[in-house]
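# Understanding the architecture of this molecule
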Amino acid sequence: MLRTTLRALAAILMLALLAPGTLAAQAPDAIRYTLRFPAPHTHYVEVEAVYPTGRQPAIEIYMAVWTPGSYLVREYERNVEGVAATADGRSLAVEKSRKNRWKVTTGGATSVTVRYRVYSREMTVRNNWVESGFAMLNGAPTFLTLVDRTPRPHEVRVELPAAWKSVATALMPIAGTPNAYRAEDFDTLVDSPIIAGSPVTREFTVAGKKHVLVLEGDPSLFDADKAVADVEKIVQASGKVMGDYAYPHYYFLNMVVDTGGGLEHKNSFLTMSSRFTTRNRRSYDGWLSLVAHEYFHNWNVKRLRPVELGPFDYETENYVKMLWVAEGFTDYYADVLVRRANLSSAEEYLDALSGQIESVQTRPGRLVTPVNMASYDTWIKQYRPDENTANTTIDYYPKGAVIAFLLDAKIRKATNGTRTLDDGMKIAMQRFGGPKGYSPEQFYDLMSEVAGVNLKPFFAQAAESTDELDYTEALDYFGLRFRPADPATSRAFLGAITRNDSGRLIVTGLRRGTAAIDGGLNVDDEILAIDDVRVRADGLAARLEQYKAGDKVQLLVARRDRLTRLDVTLGSDPGRPWRLEPRTDATAEQKARVIQWLGQ
Ligand SMILES: [Zn+2]
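Residues numbered from 1 in each chain as written. Predicted model: local features only at pLDDT ≥ 70, side-chain atom pairs only at ≥ 80, totals over all residues. Heavy atoms only, no water.

When its secondary structure is counted, the protein chain shows 16 helices and 31 strands. Since a compact globule built from 600 residues should have a radius of gyration of about 25 Å, the 28 Å found for the protein chain is in line with a globular shape. Its C-alpha atoms give the protein chain principal-axis dimensions of about 95 × 65 × 45 Å. Across the 600 residues of the protein chain, 52% fall into the buried class. Sequence separation of 24 or more characterises 67% of the internal contacts of the protein chain that already satisfy a separation of 6 or more. (Helix = DSSP H or I, 4+ residues; strand = E, 2+ residues; numbered from the N terminus. Rg over C-alpha atoms; globule rule 2.2 N^0.38 Å. Buried < 20%, exposed > 50% of the residue type's maximum accessible area, 1.4 Å probe, protein only. Contact = heavy atoms within 4.5 Å.)

Following this line, the structure appears as structure tokens:
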């Protein structure tokens, strides 16, 4: 603007008068970050950030306290140190103004440079890790941004240590500058994890879009070729459900670091897995399901979201009641998509769904908290479980997945198989996709419209009450049943969850309605003996086999080292009554419905 001639200025003013907003359309100045790793083995990333000041006497910058998709205030600012500012070579005063904010006096400068270090040693998908060979950085725990919240571009340049080869991120590269990227706003920066190091990568193209599988950590035992072929099948199967691939490109960022977890982003995901993932069928199935889950989120929650989930306030909790759709429906589709991609059998699929049902039906908290309120309270419960959590609240992942299954069957039945939940999700995407978002009522109305029947009573019961779910209709539609209980199971059941703590048998959890809790056992009790015969740490199950339901026994426990005797009446082993199987007398019509649902 400094070199603008008077005539040009007049023209701009004229335009502004004719079309209000024209001047505002001019993009605000970008914040420019440079990331350096002078001593990566000490787990620090050094950040240099240049902020435009708008000629204000002071600017205020902040770090997010949480990151979308993982609903807990995590206080990322605790890892920030050495915040210092300069302008034109002069030091500027920096004052901490909140737990996660800093105020910088500008001395009238048009831009100020702030340097700080971030300690990066938490190997989770929502935080940072830096070590000698690589860095895994998330936006929320790394970048201080301006408090003023003016939407503005955020640019990042990564200076790689000599031994590191490349950067992988879904951020858009800046042409002509190596390892430099531009996010159109802070949300995009937060939503785009960055891997720097020497990752193994594999690419494929679907619908003209580039897809990149990125493996960092120790991928030496990870079969990248097999994995990328199967990931492509999941992408194809997902597109058949949701229609368009709306991203410019997609990065599957997988850290091979022998821990677990996954977090969705708009144009990428970040997952963690074992180095043996592709060598073991069970763990590989688990990984494919995780891939399908996080990938499906690029629609469900990233582009089709509950209205409360954006724009985000990164400094406080954002309350939302629909995570049972955002997470639960995604979990339902994860296993469905792995099956439809022919990466699991129908039997394996039914096992996975049975696991979800069992998880809901064996959790006493399902009778205490409706799933929409479990979503609302995610900030204080879902991410802060303790020994009593299962008694007081429901997990919205499996309950949401089971509701999706029941809903899918309902829509199919009501429309005689001409419509499915896939149609519901696709139409929801068209109607509420992007910044619009949906309210619970809009979601219920839309699904009712797709089914051609009023589903509000179903949602009110399944999602907004603690009533038991009714499986009859869905099972009947698909010709399924719960495997009948073994008639010989009158085995005794105590109901304490225990662990072997260096040879000591310690109670770690107690479920409501079991002999253990009714008989007075406490969490942290050490079980020493039953009827005065010693129980070894790994011998509880074998000992209980010596009894039958209804037997009265005396437990000897140590509670804070004081020996205590408890009289307990053993219950009966509930067995596993929630395992699905096809009915042997299923009709051809029912079998055809399963094929329509899960593929051949
Ligand atoms: Zn998820």
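That covers the picture; the talk isn't over yet.
Following the sequence through the fold, Thr-145 ends up in strand S11 (residues 145-146). With a relative accessible area of 4%, Thr-145 lands in the buried category. For Thr-145, the side chain forms a polar contact with the side chain of His-154, separated by 2.7 Å. Thr-145 has contacts with Ile-31, Tyr-33, Tyr-51, Glu-60, Ile-61, Tyr-62, His-154 and Phe-186, leaving out every residue within four places of it along the chain. (Polar contact = N/O pair within 3.5 Å; in protein donor to acceptor, adjacent residues only side chain to side chain.)

The subject of this paragraph is the sheet that holds strand S6 (residues 94-98). Strand order in the open sheet formed by four strands is S6-S7-S3-S11, with antiparallel pairing between adjacent strands. Edge positions in the open sheet fall to S6 and S11, since each of these has one partner strand only. Relative to strand S7 (residues 101-105), S6 runs antiparallel, the two being bridged by four bridges. Counterpart to Lys-96 in the pairing with S7 is Trp-102. (Pairing = 2+ DSSP bridges.)

For the rest of this paragraph, the subject is the packing of aromatic side chains. This model, assessed by the stated rule, comprises 47 aromatic pairs. Geometrically, the ring pair formed by Phe-312 and Tyr-314 is tilted, given 5.9 Å between the ring centres and 55 degrees between the ring planes. Accessibility assignment for this pair places Phe-312 and Tyr-314 in one class, buried. With a centroid separation of 5.5 Å and 85 degrees between ring planes, the pair formed by Tyr-471 and Phe-482 is classed as edge-to-face. One end of the pair, Tyr-471, is in the loop between helix H12 (456-464) and helix H13 (472-478); the other, Phe-482, is in strand S22 (residues 480-482), with eleven residues separating them in the sequence. Residue class for Tyr-471 comes out buried when judged on its relative accessible area of 6%. Taken together, the aromatic side chains of Phe-204, Tyr-245, Tyr-247, Tyr-250, Phe-252, Phe-269, Tyr-295, Phe-296, Trp-299, Tyr-332 and Tyr-333 make up a single cluster linked through ring pairs. (Phe/Tyr/Trp six-rings, centres within 6.5 Å; stacked < 30°, edge-to-face > 60°.)

Further remarks concern the environment of Met-242. Tracing the backbone shows Met-242 in helix H3 (residues 224-242). Judged by its relative accessible area of 4%, Met-242 is buried. Linking Met-242 and Ile-194, residues 48 residues apart in sequence, is a C-alpha distance of 27 Å.

So, on to the coordination of the zinc ion. Every protein donor of the zinc ion is accounted for by His-293 (NE2), His-297 (NE2) and Glu-327 (OE), and the metal-donor separations fall at 2.0 to 2.1 Å. Under the relative-accessibility criterion, His-297 is labelled buried at 0%. (Donors = N, O, S within 2.8 Å, 3.2 Å for Na, K, Ca; no water.)

This part covers the environment of Leu-556. For Leu-556, the position within the fold is in strand S28 (residues 552-559). Along the chain, Leu-556 and Leu-189 lie 367 residues apart, while their C-alpha atoms are 57 Å from each other.

Looking now at the pattern of salt bridges. On inspection of all chains with the given rule, the structure shows 43 salt bridges. Across the salt bridge formed by Glu-358 and Arg-579, the nearest N and O atoms sit 3.1 Å from each other. On the criterion of sequence distance, the pair formed by Glu-358 in helix H6 (residues 346-361) and Arg-579 in the loop between strand S30 (571-572) and strand S31 (580-582) is long-range, its members being 221 residues apart. Accessibility classification places Glu-358 together with Arg-579 in one group, the buried group. The salt bridge partner of Glu-581 is Arg-481, with a shortest N-O separation of 2.7 Å. Of this pair, Glu-581 sits in strand S31 while Arg-481 sits in strand S22, and the two are 100 residues apart along the sequence. (Salt bridge = Lys/Arg side-chain N within 4 Å of Asp/Glu carboxyl O.)

What follows concerns the pairing of strand S16 (residues 194-197). Alternating residues of S16 divide into Ile-194 and Ala-196 and Ile-195 and Gly-197, and every residue in both groups is buried. Here three bridges tie strand S10 (residues 135-137) to S16, and the two strands are oriented antiparallel to one another. Within S16, the residue paired with Met-136 across the bridge is Ile-195. Across four bridges, the pairing between strand S13 (residues 166-169) and S16 is antiparallel. The residue of S16 that forms the bridge with Val-167 is Ala-196.

Purely geometric numbers; function is a separate question.
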